[in-house]
Amino acid sequence: MIQEKKIVLTQEETDYFISLLTMGTGIIPRSSHRAGIQTYIEKKIAEKNISVSEFKLNLQSDKNLFTEFINESTVNETYFFREEKQFALLKERYFPMWKAMFPSVPIKIWSAACSYGEEAYSLAVLAKVCGIKAFVTASDINSEVLDHCSKGVFWESSIRSVDGFSFKNLLLPYRTNEGKIIFPDEIKSCIQTRNINLAKIDSPLGDANLPKNQNIIFIRNVFIYFSQELRIRILNSIVDKCLAEGGILFVSMSEIAQFDSNMLPPSLEKVMDGNIFYFKKKQGR
């Protein structure tokens, strides 16, 4: 039996691969994240039985390999009705208001950086319960998680025992005896997956792929991985190109402090509703 050669990257080599990831995706990994990326690269080089230099060349010339590199290097942690207070705000305020004002008009929602799709399905299910039709665009840079999202099959581990738990009854119709949550075509048809690289959002190709005229945008737990300059670029592009007038934008509650007045586009205002912060696009902007 032939054993794989043990590969250990130097700090300089690891930095090189991290720089490729950042240039391609805008992601600046944290230390624990870097360790996982390094382990993946070392394993891949050993499997292929090639040198580090050869792997560098392959990564730059092989589009499929670079896509795999991105897929393996992104963080994909999420669950149903995460930060449930934001969903409670939609259920109690925004969705009833939409139904009263536009009873026959579908609401457009973008779940940006959707990961496996729990956020997108949470939005679609909540809209259905509130009696409104939703068109949800679920986007991510990771092609594997988008494939998972399109199938609409999840494990019950995507339901947490604290955060999001007050909405768990909405998922009961879709739970199986095997510990799965399987959504029917009625729900899956509300969700469209789309591969979007937020770091390229203001490029001509990136612009053509963006969902436009969205009434609600969720872009949560994403900005923490980007530089301040890229955060501003992404926020400006989303507000100018994607968010409808009067539309609202949610980021993670842990990210709110990053958004000071110097970062916000003129057309975006910060709103406080109880203990929930979100952003709203001004009318006529």
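All values derive from a computational prediction rather than experimental measurement.

Undergrad: Help me out: how do you make sense of the packing of helix α2 (residues 31-48) against helix α4 (residues 63-73) in this one?
TA: Each packed pair of helices is defined by two parameters, the angle between the axes and the distance between the axes. Taken N-terminus to C-terminus, the directions of α2 and α4 make an angle of 145°; their axes are 9 Å apart at the nearest point. The two elements α2 and α4 cross, and the hand of that crossing is right-handed. Between α2, through His 33, Ile 37, Tyr 40, Ile 41, Lys 44 and Lys 48, and α4, the contact on the second element is made entirely by Leu 65, Glu 68, Phe 69, Glu 72 and Ser 73. Among the residues making up the contact of α2 with α4, the classes are represented as five nonpolar, two polar and four charged.

Undergrad: Would you take a moment to explain the pattern of salt bridges for this structure?
TA: Pairing of side chains with opposite charge becomes possible as their charged atoms draw close. By the definition in use, this model includes twelve salt bridges. Here Arg 233 ties to Asp 202 by a salt bridge, and the two come within 2.9 Å at their closest N and O atoms. Placement of Arg 233 in helix α10 (residues 228-242) and of Asp 202 in the loop between β5 (191-195) and α9 (204-208) is noted, with a sequence separation of 31 residues between them. Salt bridges here are not isolated pairs; linked through shared partners, they connect Asp 202, Glu 229 and Arg 233.

Undergrad: How should I be thinking about the side chain of Ser 122 in this particular structure?
TA: Structurally, Ser 122 is set in helix α6 (residues 118-129). Not counting residues up to four positions away in its chain, the partners in contact with Ser 122 are Phe 80, Phe 81 and Phe 87.

Undergrad: Could you clarify how one ought to interpret the sheet that holds strand β7 (residues 243-250) in this entry?
TA: Pairing between the strands of a sheet comes from backbone hydrogen bonds, and it takes one of two forms, parallel or antiparallel. The seven strands lie next to each other as β5-β2-β1-β6-β7-β9-β8, forming an open sheet whose pairing is mixed. The strands lining the two open edges of the sheet, one partner per strand, are β5 and β8 (268-273). Strand-to-strand twist in this sheet, taken as the mean axis angle between neighbours without regard to direction, amounts to 25°. Taken together, the three bridges between strand β1 (residues 107-111) and strand β6 (residues 214-218) define a ladder with parallel strand orientation. Among the inter-strand pairings, Ile 109 is bridged to a residue of β6, identified as Ile 216. Running over the sheet, helix α7 (residues 143-151) touches β2 (134-140) and β5 and is turned about 170° from β5. Here α10 sits on the sheet in contact with β1, β6, β7, β8 and β9 (276-281), set at roughly 145° to β7.

Undergrad: Please clarify how α2 should be interpreted in this entry.
TA: Owing to its 3.6 residues per turn, the α-helix aligns residues three or four sequence positions apart on the same side. For α2, spanning 18 residues, the distance from its first C-alpha to its last is 26 Å, which sits close to the expected 26 Å at 1.5 Å a residue. Of all the positions in α2, only His 33, Ile 37, Tyr 40, Ile 41, Glu 42, Lys 44, Ile 45 and Ala 46 are classed as buried. The elements touched by buried residues of α2 are α1 (11-25), α3 (52-61) and α4.

Undergrad: Looking at this model, I keep getting lost on the packing of aromatic side chains. Mind explaining?
TA: Each aromatic ring pair is described using two quantities: the centre-to-centre distance and the angle formed by the ring planes. What the rule picks out here adds up to 18 aromatic pairs. Look at Phe 80 and Phe 154: their rings are 5.3 Å apart centre to centre, the planes differ by 70°, and that puts the pair in the edge-to-face class. In this pair, Phe 80 is assigned in the loop between α4 and α5 (84-101) and Phe 154 in strand β3 (residues 153-155), connecting sequence segments 74 residues apart. Each member of the pair, Phe 80 as well as Phe 154, carries the same accessibility label: buried. Centroid distance Phe 250 to Tyr 278: 5.6 Å. Interplanar angle 45°. Geometry classified as tilted. Pair noted here: Phe 250 is in strand β7 and Tyr 278 is in strand β9, with a separation of 28 residues, a long-range link. Each member of the pair, Phe 250 as well as Tyr 278, carries the same accessibility label: buried. Members of the aromatic cluster, joined through ring pairs, are Phe 81, Phe 87, Phe 167, Phe 218, Phe 250 and Tyr 278. Directly above the ring of Tyr 16 sits Lys 56, whose terminal nitrogen or CZ lies 4.5 Å from the centroid. A cation over an aromatic ring shows up here: Lys 270 above the ring of Phe 277, its NZ or CZ 4.9 Å from the ring centre.

Undergrad: Explain the layout of surface pockets here, please?
TA: What the largest pocket holds in volume is close to 490 Å³. What lines the largest pocket is a set of 27 residues, and nearest its centre among them are Val 75, Ala 113, Asn 221, Val 222 and Tyr 225. For the lining of the largest pocket, the residue count by class is 13 nonpolar, nine polar and five charged.

Scoring rules and cut-offs
- Residues numbered from 1 in each chain as written.
- Predicted model: local features only at pLDDT ≥ 70, side-chain atom pairs only at ≥ 80, totals over all residues.
- Heavy atoms only, no water.
- Axes fitted to C-alpha atoms, helices over the stretch in contact; angles between N-to-C directions.
- Helix = DSSP H or I, 4+ residues; strand = E, 2+ residues; numbered from the N terminus.
- Left-handed = near helix turned anticlockwise from the far one by under 90°.
- Contact = heavy atoms within 4.5 Å.
- Nonpolar A, V, L, I, M, F, W, Y, C, P; charged D, E, K, R; others polar.
- Salt bridge = Lys/Arg side-chain N within 4 Å of Asp/Glu carboxyl O.
- Pairing = 2+ DSSP bridges.
- Expected span 1.5 Å × (residues − 1).
- Buried < 20%, exposed > 50% of the residue type's maximum accessible area, 1.4 Å probe, protein only.
- Phe/Tyr/Trp six-rings, centres within 6.5 Å; stacked < 30°, edge-to-face > 60°.
- Lys NZ or Arg CZ within 6 Å of the ring centre and 35° of its normal.
- 1 Å grid on protein atoms, 1.4 Å probe; cavity = no way out; pocket = protein on both sides within 12 Å on 5 of 7 lines; lining within 4 Å.
- Points joined across faces, edges and corners; volume = space filled by probe spheres on them.

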